[in-house]
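Tertiary structure, described
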Amino acid sequence: MSFDQLKNLLASADGIFREKEPLAPYTSLKIGGRALFYIKPSRWDSLPAILSFLDLNSLPFKVLGRGTNLLVSDGDLGFGVIHILRMDGKVSVEDCTVEADADVLLGECCRESFQNSLTGLETLEMVPGSIGGAAVMNAGAYGRSIFNFIREVTVLDHEGKERRLFPGDLAIGYRHTDLGDFGVVRKVRMWLKKGVRHDIDIKAKEFVRKRKESQPWNARTAGSVFKNPEGAFAGKILEDLGFKGKARGGASFSGTHANFLINSGTASFEDAYGLTEEARSKARDKGFNLEYEMEVWK
Ligand SMILES: Cc1cc2nc3c(=O)[nH]c(=O)nc-3n(C[C@H](O)[C@H](O)[C@H](O)COP(=O)(O)OP(=O)(O)OC[C@H]3O[C@@H](n4cnc5c(N)ncnc54)[C@H](O)[C@@H]3O)c2cc1C
């Protein structure tokens, strides 16, 4: 298989193409082996041709956003990635509508909405991903999820064609959607409410304070490892099972919040996944089915 056509296509659009690219640097956990290929477009208008090339050549790939919800296996991976982050996308506000290209950070959408006195996204300000990743994961915090606000999503399908989707077209759940099955998220449209700028800023600051108090900040982590089972808290279950602060090799459950996995800097996939699987197995013995919230790419 020759990648020449793809390389030329990306080179002409200021994009990057690399073979056997390590993914660890692109993830917040800093764990992950070599992708079959790594594509970093710099412009949205180059995506349709890239997608149809991958489709025509049956090349398997995954979409990487900011990599803040991923645990990626070590070694040579059987798929490539398209990195959708900080391209030429933008966020714009008109009345109560916020429209953002998927490569924009969720934090930028929050700030833009606050500046326009729009209320809704205050609890999400410090969720550190792209708006595309947030939509796919139905990211949320403190009782609110991004799909409380999303009214429409545009995706690029496997042939690179645009398709508009509405919440009713999707399976949307707690930290889950089937959006990724439709293709690459291109654009998200949210509908917020008018508020008072001063109150919005105070509310957002309060949620940031709460988060910094209860979660390991600035650590190599992918946020919550497991979803909260119905009527229970994953962090409490892990704590009760003695996993708070527990380590395996370079990986450990945080001493600040038991549901956060931390890489000390030397963790392998085996350290991290071995530890989380051990925790799942112990929880199962106690009658809890812990489902992963972070995505495991193997
Ligand atoms: C310190 C910390 C705190 C966190 N706190 C929270 C929290 O409070 N609430 C919460 O919900 N999450 C939290 N997270 C997890 C994470 O930030 C969110 O899930 C975030 O929305 C993921 O976005 P991302 O761009 O990093 O996606 P990635 O991790 O890159 O990818 C996640 C999924 O989205 C897909 N994807 C990404 N972009 C696209 C696209 N354009 N098109 C199609 N598929 C795409 C990927 O293929 C993958 O399936 C936290 C993470 C960290 C590190």
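Check the entry above for the structure.
The structure displayed is predicted, hence computed values, not measured ones. (Residues numbered from 1 in each chain as written. Predicted model: local features only at pLDDT ≥ 70, side-chain atom pairs only at ≥ 80, totals over all residues.)

One open sheet holds the four strands; their spatial order is S1-S2-S5-S3, and the pairing between them is mixed. Each end of this open sheet is capped by a strand with a single partner; those strands are strand S1 (16-22) and strand S3 (61-64). In this sheet, adjacent strand axes meet at a mean angle of 25° when their direction is disregarded. Alignment of strand S2 (residues 34-40) against strand S5 (residues 80-83), held across two bridges, turns out to be parallel. Paired with Tyr38 across the bridge in S5 is Val81. (Pairing = 2+ DSSP bridges. Helix = DSSP H or I, 4+ residues; strand = E, 2+ residues; numbered from the N terminus. Axes fitted to C-alpha atoms, helices over the stretch in contact; angles between N-to-C directions.)

Let's shift gears to helix H3 (residues 106-115). Among the residues of H3, Leu106, Cys109, Cys110, Ser113 and Phe114 are the ones counted as buried. Angular distribution of buried residues about the axis of H3 spans 130°; they occupy a single face of the element. Looking at the buried side of H3, the elements it contacts are strand S6 (91-94), strand S7 (97-101), strand S8 (118-119), helix H4 (131-137) and helix H5 (197-214). The first or second residue beyond H3 is Ser117, which carries a positive phi of 55°. (Buried ≥ 20, exposed ≤ 12 C-beta atoms within 10 Å, placed from the backbone. Arc of directions from axis to C-beta. Contact = placed C-beta atoms within 7 Å.)

One non-glycine residue, Lys20, lies in positive phi territory at about 50°. One can find Lys20 in strand S1. Positive phi outside glycine occurs at Arg86, with the angle close to 45°. Mapped onto the elements, Arg86 comes out in the loop between S5 and S6. Of the residues examined, Arg86 has 13 C-beta atoms within 10 Å and is grouped as partly exposed.

A word on the site of the ligand. Around the ligand there are 32 residues in total, and Gly65, Gly129, Gly132, Gly133 and Gly223 lie nearest to it. A total of five residues in the shell around the ligand trace back to one element, the largest contributor, which is H4. Class assignment for the residues of the shell around the ligand results in 15 nonpolar, 13 polar and four charged. (Near = placed C-beta within 6 Å. Nonpolar A, V, L, I, M, F, W, Y, C, P; charged D, E, K, R; others polar.)

Glancing now at the packing of helix H1 (residues 4-12) against helix H2 (residues 47-56). Packed helices, taken two at a time, are described by the angle between their axes plus the distance between the axes. Two numbers describe how H1 lies on H2: the axes approach to 10 Å, and their chain directions differ by 170°. Put simply, H1 runs roughly antiparallel to H2. Here Gln5, Leu6 and Leu9 of H1 come into contact with H2, specifically with Ala49, Ile50 and Phe53. (Parallel < 35°, antiparallel > 145°, perpendicular 65-115°, else oblique.)

This part covers the sheet that holds strand S17 (residues 247-248). Taken together, the three strands give an open sheet; going across it, the order is S17-S18-S19, and neighbouring strands pair in antiparallel fashion. Edge positions in the sheet fall to S17 and strand S19 (261-263), since each has one partner strand and no second. Taken together, the two bridges between S17 and strand S18 (residues 251-253) define a ladder with antiparallel strand orientation. Each bridged residue has a counterpart across the sheet, and for Arg248 the counterpart in S18 is Ala251.

Our next topic: the environment of Met190. Looking at where Met190 falls in the secondary structure, it is placed in strand S15 (residues 184-191). Spatially, the C-alpha atoms of Met190 and Ile146 are 8.6 Å apart, while their sequence positions differ by 44 residues. The contacts of Met190, once residues within four sequence positions are left out, are Val98, Phe149, Ile150 and Arg151.

Counting through the fold element by element, Lys193 comes out in strand S16 (residues 193-194). On the basis of neighbour count, Lys193 is assigned to the exposed category, with 10 C-beta atoms found within 10 Å. In the structure, Lys193 is positioned 98 residues away from Asp95 in sequence and 9.1 Å away in space, judged by C-alpha atoms. Ignoring any residue separated from it by four or fewer positions in sequence, one finds Lys193 in contact with Cys96, Leu118, Thr119 and Gly120.

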